[in-house]
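What the coordinates show
Here is what each chain is made of, one letter per residue.
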Amino acid sequence: NNLQPYTTSELIRFLSKPANLLKAGTVHTPAFAVQNLLNDMWTATMITGWQMKPWHPFKYFREAQSQGSLYKELAERGGIQGTRATVSQYSDPLSEQRSHLENREWLSQLKEGVMKGKPIQALKGVWNSIGRMAEISEQSVRLAAYVAYKNAGYSKHESAMKTRELTDFSAG
């Protein structure tokens, strides 16, 4: 393999541009975040055989947002892979986007854009906050399913793999 980490990172960034443009109009709408969460909740509930209840993802919103210990446990076992900001946590090809989301730069962009009369900057803040909300909702479903599988007696690794298969958002 001749691709070094930096080269791979640049390649991933380049190849992700068309996909990001195609998804942008969908993922960055509030209606998508809500509808996607409801669809994901019910799908995961059915596939887990009601081990995960439809309301369980709501318990994991904060964990998904803060990327706490349960989130890291799932990510370390490969159960988070497939989303734009979280794959990078361990392979780092998208660390720039991840740090932007984690540091709440979007909120400062919004405030500064509004206060200083910079509408483009304000819109970037809104745009990024909606995208982040959609990602948090997906991750909260993953976390709820992961816990449900662990509670059903699966190992952490098996639970992560079942969760990854259950919620493979990279295809969409």
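Notes on the structure follow. (Residues numbered from 1 in each chain as written. Predicted model: local features only at pLDDT ≥ 70, side-chain atom pairs only at ≥ 80, totals over all residues. Heavy atoms only, no water.)

Side chains of Val34, Leu38, Trp42, Met46, Ile47 and Trp50 sit close together on the surface and give an oily, nonpolar patch of about 600 Å² of accessible area. Within the secondary structure, Trp50 sits in the loop between α2 (30-47) and α3 (56-59). Here Trp50 falls in the partly exposed class, since its relative accessible area comes to 38%. (Patch = residues over 30% accessible without salt bridge, like charges linked within 9 Å, V, L, I, M, F, W, Y side chains within 5 Å. Areas by Shrake-Rupley, 256 points an atom, 1.4 Å probe, with all protein chains shown as cover. Salt bridge = Lys/Arg side-chain N within 4 Å of Asp/Glu carboxyl O. Helix = DSSP H or I, 4+ residues; strand = E, 2+ residues; numbered from the N terminus. Buried < 20%, exposed > 50% of the residue type's maximum accessible area, 1.4 Å probe, protein only.)

So, on to helix α10 (residues 156-166). Looking at α10, one finds that the buried residues are Ser159, Ala160, Thr163 and Leu166. Within α10, the buried residues cover an arc of 125 degrees as seen down the axis, which keeps them to one side. (Arc of directions from axis to C-beta.)

The subject of this paragraph is unusual backbone geometry. We note that Trp50 has phi near 70 degrees; this positive angle belongs to a residue other than glycine. One non-glycine residue, Gln67, adopts positive backbone phi at about 50 degrees. By the element assignment, Gln67 lies in the loop between α4 (61-66) and α5 (69-76). For Gln67, a relative accessible area of 5% puts it in the buried group.

Moving on, we get to α2. The first and last C-alpha atoms of α2 sit 26 Å apart over 18 residues, in line with the 26 Å expected at 1.5 Å per residue. All of the buried residues along α2 are Phe32, Ala33, Asn36, Leu37, Asp40, Met41, Ala44 and Thr45. Just downstream of α2 lies Gly49, where phi reads positive at about 65 degrees. (Expected span 1.5 Å × (residues − 1).)

Inspection of the secondary structure assignment puts Ser137 in helix α9 (residues 119-151). Here Ala134 takes part through its backbone oxygen, which lies 2.8 Å from a polar atom of the side chain of Ser137. Discounting residues that sit within four places of it in the chain, Ser137 has contacts with Ala33, Leu37 and Phe61. (Polar contact = N/O pair within 3.5 Å; in protein donor to acceptor, adjacent residues only side chain to side chain. Contact = heavy atoms within 4.5 Å.)

Looking now at the packing of aromatic side chains. A full pass over the atoms with the stated rule returns three aromatic pairs. With 5.7 Å between their ring centres and 25 degrees between their planes, Phe58 and Phe61 make a pair best called stacked. A ring pair is formed by Tyr149 and Tyr154, whose centres lie 5.7 Å apart and whose planes are at 90 degrees; its orientation type is edge-to-face. Residue Tyr149 is classed as buried on the basis of its relative accessible area of 6%. For Tyr154, a relative accessible area of 36% translates into the label partly exposed. (Phe/Tyr/Trp six-rings, centres within 6.5 Å; stacked < 30°, edge-to-face > 60°.)

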